[in-house]
Amino acid sequence: WPVSDGPTLFLMARMLFEIRANGLHPAEALRRAQIWLSDSTGAELGRLLRELKPKPGSPIALLAARLGVYLREERPYSAPALWAGFVYVGRQ
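Rules used throughout
For every chain, the first residue of its written sequence is number 1, and the numbers climb from 1 along that sequence. The predicted origin of the model limits local features to residues at a pLDDT of at least 70 and limits the giving and counting of side-chain atom pairs to 80 or more, whereas totals for whole chains, interfaces and linings rest on all residues. The basis for the side-chain values is all heavy atoms of the structure; hydrogens and waters are excluded. Helix and strand definitions follow DSSP, with helices as H or I runs of at least four residues and strands as E runs of at least two, each counted in order from the N terminus. Using C-alpha atoms as the atom set, the radius of gyration is obtained and then compared with a globule rule of 2.2 Å times the number of residues to the power 0.38. The buried label goes to any residue with under 20% of its type's maximum accessible area, the exposed label to any with over 50%, and the partly exposed label to all in between, with areas taken from a 1.4 Å probe on protein chains only. Throughout, a contact is declared for two residues whenever any of their heavy atoms are within 4.5 Å. Reported accessibility uses the Shrake-Rupley method at a 1.4 Å probe radius. Residues are deemed covered only where the shown protein chains occlude them. Expected helix span is given by 1.5 Å per residue-to-residue step, counting one fewer step than there are residues. Our arc is simply the arc of the directions from the helix axis toward the C-beta atoms. Buriedness of a pocket was judged along seven lines, with at least five required to meet protein on both sides within 12 Å; pockets are open sets of points on a 1 Å grid over the protein atoms alone, cavities are sets where a 1.4 Å probe fits but cannot get out, and lining residues have an atom within 4 Å of a point. Grid points are joined across faces, edges and corners, and a volume is the space filled by probe spheres set on the points. Classes in brief: Ala, Val, Leu, Ile, Met, Phe, Trp, Tyr, Cys and Pro nonpolar; Asp, Glu, Lys and Arg charged; the others, Gly included, polar. Note on definitions: salt bridges are taken to be side-chain nitrogens of Lys or Arg within 4 Å of carboxyl oxygens of Asp or Glu. Remark: nonpolar core denotes a set of buried residues (Ala, Val, Leu, Ile, Met, Phe, Trp, Tyr, Cys) joined through side-chain atoms within 4.5 Å.

1. Quick notes on the overall build of the protein
If you tally the helices and strands in the protein, you get four helices and zero strands. In the protein, the order of α-helices and β-strands from amino to carboxyl end is α-α-α-α. Since a compact globule built from 92 residues should have a radius of gyration of about 12 Å, the 13 Å found for the protein is in line with a globular shape. Dimensions of the protein, computed from C-alpha atoms along their principal axes, come out at roughly 40 × 25 × 20 Å. Buried positions account for 35% of the 92 residues belonging to the protein. At a minimum sequence separation of 6, the contacts of the protein that also span at least 24 residues come to 63%. When the accessible surface of the protein is split by element, carbon and sulfur atoms take 59% of a total near 6,100 Å².

This is the structure:
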């Protein structure tokens, strides 16, 4: 099914973090990333994007502002439809 760029960006970045920083198998890293994303607030996600120091007016800067202001206390990516379509297929 179709997925949005915003949640996909966070999901893949967190999955890679789990693999590299914690040495997890990709399937477990994806599971943890999905849980992390569904529990994260807009304020937390906006802060992560601002740490990247995006160019003012860029899509990432606009997403950071939207998450940090309008969805500050909400969990904007908690709906499974936003991240459950990703599965790990392969061996390791």
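Structure shown, so let's carry the discussion forward.
2. Overview of helix α1 (residues 5-22)
Across its 18 residues, α1 extends 25 Å between first and last C-alpha, which sits within 8% of the 26 Å expected from 1.5 Å per residue. Residues of α1 that are buried: G6, P7, T8, F10, L11, M15 and E18. Where α1 is buried, its residues touch α2 (26-39), α3 (42-51) and α4 (59-69). Directly after α1, the chain includes G23, whose backbone phi takes a positive value near 65°.

3. Digging into α4
Those residues of α4 not exposed but buried are A61, L63, A64, L67 and G68. End-on view of α4: buried residues confined to an arc of 160°, all on one side of the axis. Those residues of α4 that are exposed and angled more than 90 degrees off the buried face are P59, L62 and V69. Lining the buried residues of α4 we find α1 and α3.

4. Observations regarding the layout of surface pockets
As a volume, the largest pocket reaches approximately 220 Å³. In this structure, the largest pocket is lined by L9, F10, A13, R14, F17, W36, L48, L49, E51 and L52. At the level of secondary structure, the elements contributing two or more residues to the lining of the largest pocket comprise α1 and α3. No other element matches the five residues that α1 contributes to the lining of the largest pocket. Split by residue class, the lining of the largest pocket holds eight nonpolar, no polar and two charged.

5. Observations regarding the pattern of salt bridges
What the rule picks out here adds up to four salt bridges. E28 is paired through a salt bridge with R31; the nearest N and O atoms lie 2.8 Å apart. Of this pair, E28 and R31 are both found in helix α2, three residues apart, which corresponds to roughly one turn of the helix. Look at R31 and you get partly exposed, because its relative accessible area is 41%.

6. Overview of the nonpolar core
With 17 residues, the main nonpolar core has F10, L37, L45, L67 and Y77 as its most contacted residues. The greatest single-element share of this core, amounting to five residues, is contributed by α2. When sequence neighbours within four positions are dropped, the list of residues in contact with L67 reads F10, G42, A43, L45, G46, L49, R72, P76 and Y77.

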